[in-house]
Amino acid sequence: MIASLLAQAGDWTSPSIDWAALAPEIVLAIGVNIILLLDLQLAETKKWAIATITGFVLLGSFVAVVVLAVTGDGARSLFDGRYVVDDYALILKALFLLAAYVVVLLSQTELEEGGYYQGEFYVLLVCSVLGMVMMASARDLVSIFVALELLSIPAYMMAAWNKRNRKSNEAGIKYYLLGVFASAVLLYGMSLLFGATGSTKLTDIGAALLDGDLIGLDVVAVVFVVCGFAFKISAVPFHQWAPDTYEGAPTPVTAFFSVATKAAGFVALMSVVFIAFPGADGVYQPLIWVMAALTMTFGNVLALRQTNIVRMLAYSSVSQGGFILMPLAFAGEPGVGPAALNAVIVYLIAYAFMNLGAFAVVIAVTRKTRSGEISSFGGLFSYAPGLAVAMTIFFASLAGIPPLAGWFAKFNAFKAVLDAGTTAAYVLAAIAAVNTVIAAAYYMRVLRVVWMDEAPDGDTSPVKSPAPVVAALAITVLGTIVLGVLPNLIARAGAIDALTGAFAG
Amino acid sequence: MIAVIEPTWYLLLAAMLFGIGAFGLMVRRNPLIMFMCVELMLNAANLTFVAMATRLNDINGQTAVFFVLVVAAAEVVVGLGILVSILRRRPGATADDLAELKG
């Protein structure tokens, strides 16, 4: 083996790297180091500056993404097509950066007042975002795995951030153990996939799986890889960690998990399904069908009986994951692929705005009430009408009521599924329709408490929200309404038949 | 002359290691042992990568292992950190004791 290594070393030349295409990642990587070094220098009273700097780092990376999107002429392929910067990747990178920015806004006051370790938190947050941004471009099993771990490992620490709190500890260890278990399952699947197809590059795997019949090894590999990602997107039956981690972790971190890390899991799943598994649609489609049906049903039924709002939002986010997963169950049907891809991306964008918004309202209200119980939201309209209206917008959007973003996302997902036109598709669409009604029930229950009930402790002094939280609310309200009223904005942006390497044949 | 062991045997060994790790993770209740079980699973994946690389005569499988080793080391550091912060608060806690969050 050493001899063959040396033989290869002779004719090795450094690959030419398109540095401009890597600009968003480079900005984030440099930003991480700047934040880390500044944190060492700043006095404890000036730590608030770190949040502002983190915001600028994310903004800088966002500008790089926009410049690439505007000036880009088609896809830029790096490292022999193992790292691709195309429209699909750029849209998702922008989504991750925007979601992270909102999370920074939400974390700022929470961390300052809670006496948490501020500098380190933002370092980990940006590291995690760097992993997500890489994930959007990764087109190789190894780079997908490394990106997934880069985004997960800081997330384990962020879940346990409030280390003096036993619930936060427990959230961290549960997330860690199940997350690492999922990584091991995924990695074992990847190693089998490498053995079965002879490559770690997604396009080569796709070609190898299309060529000839599937053997047992291929089937096992595909199942392991899909199940590994199912943990990350908290699909039933791999969802057990999600409610516990969401409840125990600090709320801004929960917002980050429920939107950004979940979206990253979906991005990886999409890249793999569309590029590597077109030849294995007979294997992954039934698997995803069952997971989607179970995920939305279990998530909704369990959400119905929750009394803690964060836990309810956790189950709601599990069930929304089922809706996002739904179009992927028909990704391999002829002609449905582009519609399914579009539906998932549109849903991820809409979901990011409305779910971050819902958590922003919860953070703003619990600053005053100091309680996560749904009943403590009683009388919100009487003392904080602005927050009550914002909450109504987000919950109505999550329930899928027009003309808000969630409605268009659900409509798109149903459309993609019905396009498939098979019996399985109609059955899944029917299950989803029933679930939409169940979901509306628990969202409306919260809204009834907000609008109809009296404040439980009779305290109707107004809520004073800090400026960053107000900014986060403004961004998310705007996003939720604009995407609902003008769905063309993302409908077009999501129409990417140029996921490089997919839909070729 | 030493008999050459076929890569297939390594694949079987890896599958067994993976199974033992997964089984251990589910039945053991000491968080530290659970970490070790996960490591066993990751190393089963590594062994599969190497065995497949030998079988296919492809260096890519071997390079993948280096990435996995680094990532696994980082994971252990984080996991032990979280575990220490729990055990400081609750000495001798097992996975069953960590049940404040449920429903």
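Above this text sits the structure in question.
Residues numbered from 1 in each chain as written. Chains lettered and ligands numbered in written order. Predicted model: local features only at pLDDT ≥ 70, side-chain atom pairs only at ≥ 80, totals over all residues. Heavy atoms only, no water.

Account for the overall build of chain A, with residues named and values stated.
Secondary structure assignment for chain A yields 20 helices and 2 strands. Over its C-alpha trace chain A gives a radius of gyration of 22 Å, about what one expects of a compact globule, namely 23 Å for 505 residues. In terms of overall dimensions, chain A has a C-alpha envelope of 75 × 60 × 45 Å along the principal axes. Going through the 505 residues of chain A one by one, you find that 61% of them count as buried. Pairs at least 24 residues apart make up 81% of the contacts formed inside chain A by residues separated by at least 6 positions. When the accessible surface of chain A is totalled, it reaches about 17400 Å², and 67% of it is carbon and sulfur. Between the mean site of the 25 positive side-chain charges and the mean site of the 31 negative ones, chain A shows a separation of 10 Å. (Helix = DSSP H or I, 4+ residues; strand = E, 2+ residues; numbered from the N terminus. Rg over C-alpha atoms; globule rule 2.2 N^0.38 Å. Buried < 20%, exposed > 50% of the residue type's maximum accessible area, 1.4 Å probe, protein only. Contact = heavy atoms within 4.5 Å. Areas by Shrake-Rupley, 256 points an atom, 1.4 Å probe, with all protein chains shown as cover. Lys, Arg positive; Asp, Glu negative; His and termini not counted. Charge placed at Lys NZ, Arg CZ, Asp CG, Glu CD.)

Tell me what's going on with the nonpolar core, and back it up with residues and numbers.
All names here are of chain A. Counting residues in each nonpolar core, the largest one holds 226 residues, and the members touching the most others are Phe277, Ile309, Leu325, Leu380, Met391 and Phe395. Top element by residues in this core is helix 14 (residues 337–369). It accounts for 21 residues. Setting aside its immediate chain neighbours within four residues, Met391 contacts Ile309, Val361, Phe377, Leu380, Val446, Leu447 and Val450. (Core = buried A, V, L, I, M, F, W, Y, C linked by side-chain atoms within 4.5 Å.)

Can you break down helix 3 (residues 48–71) of chain A residue by residue, with the values?
Residue and element names in this part refer to chain A. The terminal C-alpha atoms of helix 3, which comprises 24 residues, lie 35 Å apart, in line with the 34 Å expected from a rise of 1.5 Å per residue. Buried within helix 3 we find Ala49, Ile50, Ala51, Thr54, Gly55, Val57, Leu58, Ser61, Ala64, Val65 and Leu68. Residues of helix 3 that are buried sit in contact with helix 2 (23–41), strand 1 (76–78), strand 2 (83–85), helix 4 (87–114) and helix 5 (118–137). (Expected span 1.5 Å × (residues − 1).)

Outline the packing of aromatic side chains, listing residues and values.
Taken as a whole and judged by the stated rule, the model has 21 aromatic pairs over all chains. Where A:Tyr156 meets A:Tyr176, the ring centres are 5.2 Å apart and the plane angle is 80 degrees; that geometry is what we call edge-to-face. In this pair, A:Tyr156 sits in helix 6 (residues 141–159) while A:Tyr176 sits in helix 7 (residues 166–197), placing the two residues 20 residues apart along the sequence. Residue A:Tyr176 is classed as buried on the basis of its relative accessible area of 3%. Plain terms: the ring middles of A:Trp241 and A:Tyr246 are 6.0 Å apart, the flat faces sit at 85 degrees to each other, and that makes the pair edge-to-face. Ring pairs connect the aromatic residues A:Tyr156, A:Tyr175, A:Tyr176, A:Trp241, A:Tyr246, A:Phe257 and B:Phe35, which therefore count as one cluster. (Phe/Tyr/Trp six-rings, centres within 6.5 Å; stacked < 30°, edge-to-face > 60°.)

Read these as spatial facts, not as claims about activity.
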